[in-house]
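Take a look at the letters that make up each chain.
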Amino acid sequence: MEFTVGQIAEVLRGEVEGDATQRVDRLAKIEEARAGSLTFLANLKYEPHLYDTGATAVIVSRSLVLRQPVQAALIRVDDPYSSFTTLLEFYQQSSRTGRRGVEEPAHLGPGTQIGDNHYRGAFSYIGENCRIGQNVLIFPHAYIGDRCTIGDDTIIYAGAKLYADTVVGARCTIHAGAVLGSEGFGFAPQPDGSYRAIPQTGNVVLEDNVRIGANTTIDCATMGSTIIREGAKIDNLVQIAHNVEIGRHTVVAAQTGISGSTKIGDFCVLAGQTGLAGHLTLANRTTVTAQSGVGKSIKEEGVFLQGSPAFNLRDSLRANAIFRHLPDLERRLSQLERSRTEPEKP
Amino acid sequence: MEFTVGQIAEVLRGEVEGDATQRVDRLAKIEEARAGSLTFLANLKYEPHLYDTGATAVIVSRSLVLRQPVQAALIRVDDPYSSFTTLLEFYQQSSRTGRRGVEEPAHLGPGTQIGDNHYRGAFSYIGENCRIGQNVLIFPHAYIGDRCTIGDDTIIYAGAKLYADTVVGARCTIHAGAVLGSEGFGFAPQPDGSYRAIPQTGNVVLEDNVRIGANTTIDCATMGSTIIREGAKIDNLVQIAHNVEIGRHTVVAAQTGISGSTKIGDFCVLAGQTGLAGHLTLANRTTVTAQSGVGKSIKEEGVFLQGSPAFNLRDSLRANAIFRHLPDLERRLSQLERSRTEPEKP
Amino acid sequence: MEFTVGQIAEVLRGEVEGDATQRVDRLAKIEEARAGSLTFLANLKYEPHLYDTGATAVIVSRSLVLRQPVQAALIRVDDPYSSFTTLLEFYQQSSRTGRRGVEEPAHLGPGTQIGDNHYRGAFSYIGENCRIGQNVLIFPHAYIGDRCTIGDDTIIYAGAKLYADTVVGARCTIHAGAVLGSEGFGFAPQPDGSYRAIPQTGNVVLEDNVRIGANTTIDCATMGSTIIREGAKIDNLVQIAHNVEIGRHTVVAAQTGISGSTKIGDFCVLAGQTGLAGHLTLANRTTVTAQSGVGKSIKEEGVFLQGSPAFNLRDSLRANAIFRHLPDLERRLSQLERSRTEPEKP
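Residues numbered from 1 in each chain as written. Chains lettered and ligands numbered in written order. Predicted model: local features only at pLDDT ≥ 70, side-chain atom pairs only at ≥ 80, totals over all residues. Heavy atoms only, no water.

As recorded by an unreviewed UniProt entry, chain A carries the name UDP-3-O-acylglucosamine N-acyltransferase and is attributed to Hymenobacter cavernae.

(A) Fine view of the relation of the copies chain C and chain A. Mapping chain C onto chain A calls for a screw motion: a turn of 120° about the axis and a shift of 0.0 Å along it, with 0.1 Å RMSD after fitting. Expressed as a symmetry operation, the mapping of one chain copy onto the other fits a three-fold axis. (Least-squares fit on C-alpha atoms with pLDDT ≥ 70 in both.)

(B) Here's a closer look at the interface of chain C and chain A. With 69 residues of chain C at the interface, the matching set in chain A holds 59 residues. Between chain C and chain A we count six salt bridges in total. A salt bridge links Arg96 of chain A to Asp165 of chain C, with the shortest nitrogen-to-oxygen separation between them at 2.9 Å. Elements supplying a minimum of two residues to the side of chain C that touches chain A: strand E21 (179-182), strand E23 (195-197), strand E26 (217-219), strand E40 (310-312), helix H4 (313-323) and helix H5 (326-341) of chain C. Looking at which element gives the most residues to the side of chain C that touches chain A, the answer is H5 of chain C, with six residues. (Contact = heavy atoms within 4.5 Å. Salt bridge = Lys/Arg side-chain N within 4 Å of Asp/Glu carboxyl O. Helix = DSSP H or I, 4+ residues; strand = E, 2+ residues; numbered from the N terminus.)

(C) Up close: the pairing of strand E24 (residues 203-206) of chain C. All names here are of chain C. Across the two faces of E24 the burial is the same, with Asn203 and Val205 and Val204 and Leu206 all buried. With two bridges joining them, strand E19 (residues 167-168) and E24 adopt parallel strand pairing. Bridge pairing in E24 links Val168 to Leu206. Both E24 and strand E27 (residues 225-228) contribute to a ladder of four bridges, which runs parallel. (Buried < 20%, exposed > 50% of the residue type's maximum accessible area, 1.4 Å probe, protein only. Pairing = 2+ DSSP bridges.)

(D) View of the sheet that holds strand E16 (residues 149-150) of chain B. All names here are of chain B. Taking strand neighbours across the sheet as the criterion, the nine strands line up as E10-E13-E16-E19-E24-E27-E30-E33-E36 in an open arrangement whose pairing is parallel. Only two strands of the sheet have a single neighbouring strand rather than two, namely strand E10 (113-114) and strand E36 (281-282). Here strand E30 (residues 245-246) runs beside strand E33 (residues 263-264); their pairing, made up of two bridges, is parallel. The partner of Glu245 across the bridge, within E33, is Lys263.

(E) Molecular detail of the confidence of the model for chain A. The share of residues in chain A with pLDDT of 70 or more is 98%, and the mean pLDDT across the chain is 94. With pTM at 0.93, the complex prediction returns an ipTM value of 0.92. (pLDDT = per-residue confidence, 0-100.)

(F) Fine view of the sheet that holds strand E39 (residues 304-307) of chain C. Residue and element names in this part refer to chain C. Taken in spatial order, the 12 strands make up an open sheet running E8-E11-E14-E17-E20-E25-E28-E31-E34-E37-E39-E40, and their pairing is mixed. Taken across any chain shown, the strands that pair with only one partner, and hence form the sheet edges, are strand E8 (101-102) and E40. As paired elements, strand E11 (residues 119-120) and strand E14 (residues 137-138) share two bridges and run parallel to each other. Counterpart to Arg120 in the pairing with E14 is Ile138.

(G) Here's a closer look at the state of the cysteines. Residue and element names in this part refer to chain A. Overall, the coordinates contain zero disulfides over all chains when judged by the stated rule. For the unlinked cysteine Cys268, the closest cysteine sulfur is that of Cys172, found at 19 Å. Residue classification places Cys268 among the buried positions, given a relative accessible area of 0%. (Disulfide = S-S within 2.5 Å.)

(H) How the structure looks around the UniProt feature "active site" (unreviewed entry) in chain A. Residues and elements named next belong to chain A. UniProt tags His242 as "active site" (unreviewed entry). Positionally, His242 belongs in the loop between strand E29 (239-240) and strand E30 (245-246). Given a relative accessible area of 16%, His242 falls into the buried group. With near-sequence residues (within four places) excluded, His242 lies in contact with Gly184, Phe185, Gln200, Asp219, Cys220, Ala221, Thr222, Thr226, Gly260 and Ser261. A distance of 3.4 Å separates polar atoms of two side chains, one belonging to His242 and the other to Asn243. (UniProt positions renumbered as here; feature names shortened; annotations may be inferred. Polar contact = N/O pair within 3.5 Å; in protein donor to acceptor, adjacent residues only side chain to side chain.)

(I) Focus on the interface of chain B and chain C. Each side of the interface is counted separately: chain B has 69 residues, and chain C has 58 residues. Across the chain B/chain C interface, buried area totals approximately 5,100 Å², and carbon plus sulfur atoms make up 59% of it. Joining chain B to chain C, the criterion identifies six salt bridges. In this structure, the salt-bridge partner of Arg196 of chain B is Glu89 of chain C, at a minimum N-O distance of 2.9 Å. Across the chain B-chain C interface, the total number found is 32 residue pairs in polar contact (both at pLDDT 80 or more). Those elements that provide at least two residues to the side of chain B that touches chain C are strand E21 (179-182), strand E23 (195-197), strand E26 (217-219), strand E40 (310-312), helix H4 (313-323) and helix H5 (326-341) of chain B. Of the residues that constitute the side of chain B that touches chain C, the class distribution is 28 nonpolar, 29 polar and 12 charged. (Buried area = accessible area lost by both parts, 1.4 Å probe. Nonpolar A, V, L, I, M, F, W, Y, C, P; charged D, E, K, R; others polar.)

(J) Highlighting the pattern of salt bridges. Counted by the stated rule, this structure contains 60 salt bridges over all chains. Look at the salt bridges and you will find they share partners, linking Arg99 and Glu103 of chain A together with Glu128 and Asp146 of chain C into a network.

Listed below in structure tokens is the structure:
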């Protein structure tokens with residue numbers, strides 16, 4: 001994309017101070033901006049950068065009073081942060097997800113319906129009897145098995161894989177390499193110590209506005225559905241086992257693992273690399289700090305957990321503070337023991 | 001799939017009580033079953049659900065005595081659980097892995113032999129001089145490098161990747177996105193602090209009945225083979241480094257990482273998110289609990305390990321129980337110290 | 001590959017003792033070598049294997065004095081280890097990465113330039129307006145989005161995915177299933193508790209000689225670049241969040257996760273399954289042991305860290321040593337308390 005400063009100002013209904021005919025072709029932070037960059041100043045903590053930035057243009061507030069001369073052109077608007085975010089979204093949509101049409105060869109199975117205005121990249125695969133909504137983007141190498149359902153405005157990035165019978169809502173984003181619907185890890189031990197696979201015939205259901213990160217894996221249910229509820233945001237390399245349910249607007253950071261049949265409430269936050277045992281229930285608004293391992297259900301809402309095994313955050317912080325000084329503790333104890341057996345010094 | 005209750009009963013050699021002409025098109029748990037669902041009752045703990053289930057039909061024992069009237073049709077068999085499992089397997093095979101033939105375009109390199117009755121999905125890739133058995137399913141986007149060997153009845157799901165020279169046994173399942181044979185992580189430090197890659201010329205060998213989870217990675221050996229022995233079950237997002245060996249019927253849960261050259265015995269269980277250092281040996285029937293980190297070899301069979309660093313489970317549970325109360329411990333110690341320096345109260 | 005012992009000796013400028021017409025077709029460790037194998041003896045600790053190895057030929061030092069008769073043919077060279085490494089590299093290059101040309105169908109977008117002597121596998125995808133250097137290998141199912149740049153001699157293995165605008169230097173290796181440039185995990189909480197995605201418009205930049213492991217994920221920057229500097233080696237299943245920077249010749253082992261905006265210095269080592277919080281700075285030559293979780297910046301160079309939360313390795317080892325004996329500690333404390341309240345025995 002390349003626009004003049006004047007064109008940007010017009011879109012944002014702002015006023016230009018400086019040369020409106022200059023061209024900008026990228027967005028940047030004010031401290032990293034160079035010639036050709038458009039940036040913004042919202043937090044006045046960054047104001048000093050305004051006077052030495054290499055940016056071609058800066059979006060600033062109408063009310064900003066300059067304390068020094070500025071090299072860059074200024075675009076004055078009511079709310080610089082909101083205006084800049086609008087540009088970011090526009091940039092992302094126009095340059096990265098603006099593609100439409102079909103690149104051949106792309107596989108489309110018999111009986112599958114797909115809505116208008118979609119993109120299907122080269123080497124994308126859609127199986128039989130799928131129902132796919134409007135404005136859906138399916139990038140190259142994406143795999144969509146038989147009988148899948150995908151809602152409007154959903155984006156499926158390169159090489160994401162949906163096993164048969166997966167259901168994806170509207171406005172979802174599934175990043176590259178994510179796997180939805182792989183067989184749950186369930187085995188019946190046999191008398192000779194070997195294992196026999198328990199058939200996994202359920203599926204995975206994503207409600208609307210769900211985001212799944214790159215290379216994340218979500219197993220299908222043994223029967224029924226593994227469910228990710230509306231608005232939940234799942235980061236990269238997360239493992240979600242069979243029959244798990246993740247509540248509305250819950251956030252799960254990278255490399256977290258959730259064992260089979262665990263139910264997580266709404267508005268929860270699981271930080272990175274946490275682990276949850278199977279068959280647990282976590283109440284709404286539970287927060288689990290990074291690398292913690294949760295082995296018990298949480299019934300009370302709003303609890304913060306830390307540690308492996310995890311317990312109350314406050315108690316965990318205190319215990320950890322002393323843990324570091326265990327050698328001191330041991331020394332003090334030894335001293336007391338010695339003083340007990342020795343005669344007290346006068 | 002859609003069958004009448006009568007057809008199901010015939011397959012299972014059962015007897016129908018109720019309307020045998022009704023149709024069922026899915027399998028469900030008794031507490032989640034709705035119209036159109038076929039379910040079963042094996043554990044009598046669930047009997048109350050029998051009288052209010054929404055299922056169209058329920059598989060029950062011939063010996064079951066009803067205590068109330070039942071809406072659903074009943075199919076009476078000798079062993080409801082076993083009959084239902086048979087149906088689950090049938091469902092999985094017919095609807096998900098029943099495909100045969102070739103979807104073009106699919107790449108098949110020169111010199112490669114492949115047995116009868118196979119499926120090769122669109123955009124699947126098989127390199128040169130491979131030997132592939134009968135009844136093998138190779139889903140779309142699967143990649144099989146040159147000189148690979150794959151045994152009979154093996155399933156390779158969408159986008160799984162086998163580097164050149166990988167050997168896979170019979171009746172294996174490799175889930176979507178798994179990578180077998182990537183170069184081991186071995187580097188020789190150079191005088192200037194940089195690293196030079198040590199060539200990795202070995203391969204990965206899976207024996208029969210091995211299961212590899214979605215997006216799991218298994219590096220090839222530096223020389224020789226990284227080996228997963230018969231019947232081992234590996235979950236999703238597991239990392240298995242170069243020259244590792246995993247014993248027969250060993251289970252490795254999700255997100256576990258096993259460092260280079262470590263040998264794990266038969267019938268072991270590694271729970272989720274565990275880590276194993278390199279060059280270790282774990283005896284048969286070792287169990288490692290979730291999130292543990294094992295840094296030493298285990299020579300005795302049947303040991304349970306916990307913690308990071310891991311030690312004996314029993315001792316670890318005791319140490320953790322006190323860890324939570326470290327602030328109390330510190331307080332008690334301080335009190336003793338004070339009482340030591342203060343005169344004893346009479 | 002299949003060569004006679006004489007041919008190998010000629011390449012290595014070595015001298016044969018024994019039958020130079022025998023054929024070898026694989027490389028092996030001396031203790032695992034069988035008929036047809038070529039192996040080497042560099043470390044004299046392994047000399048006993050020389051006298052009972054099943055290898056067809058062994059590369060040994062010119063100065064080695066035999067203490068027993070040897071069955072295998074010997075190839076005498078100045079430096080057996082270096083000669084063998086040369087063969088390993090030759091084997092890897094000739095058999096695994098020696099392919100050139102284009103396998104159709106392969107997608108090449110308009111406006112893209114690609115240098116001489118490259119390989120593009122079947123079903124590989126290269127978008128629009130990319131600039132790709134010479135001798136580049138792009139394996140089947142690799143995805144390279146629009147406007148990417150790739151330097152000379154870089155290898156992109158099967159199914160690796162580069163989102164639009166990714167920059168990769170020269171002599172890089174990107175393993176199968178790795179994802180570069182997925183959207184950073186950034187969300188603005190809304191008044192109703194839901195989240196709105198913050199547009200992620202930056203990219204990922206790999207400098208020269210970088211190695212990325214299988215199924216590793218690297219998010220693009222919100223603005224600007226997520227940067228992996230020259231010579232850094234990243235293992236499998238690593239998560240690198242938006243705006244992270246990893247220094248020159250830093251090594252990151254498998255399943256490590258690095259949170260947003262953290263900057264890691266040069267020559268650092270992060271062992272397996274470590275986690276780093278966001279917005280940290282780690283000085284050059286920092287070492288973090290396996291499964292540790294770093295929550296604070298490290299300003300001093302050369303520090304070793306352990307634990308979750310991590311602190312100085314030496315202190316951590318001491319604290320862990322006592323942790324195991326916490327039940328003892330508690331018992332000793334209780335005893336002191338009892339003795340305090342009981343009258344002292346005479």
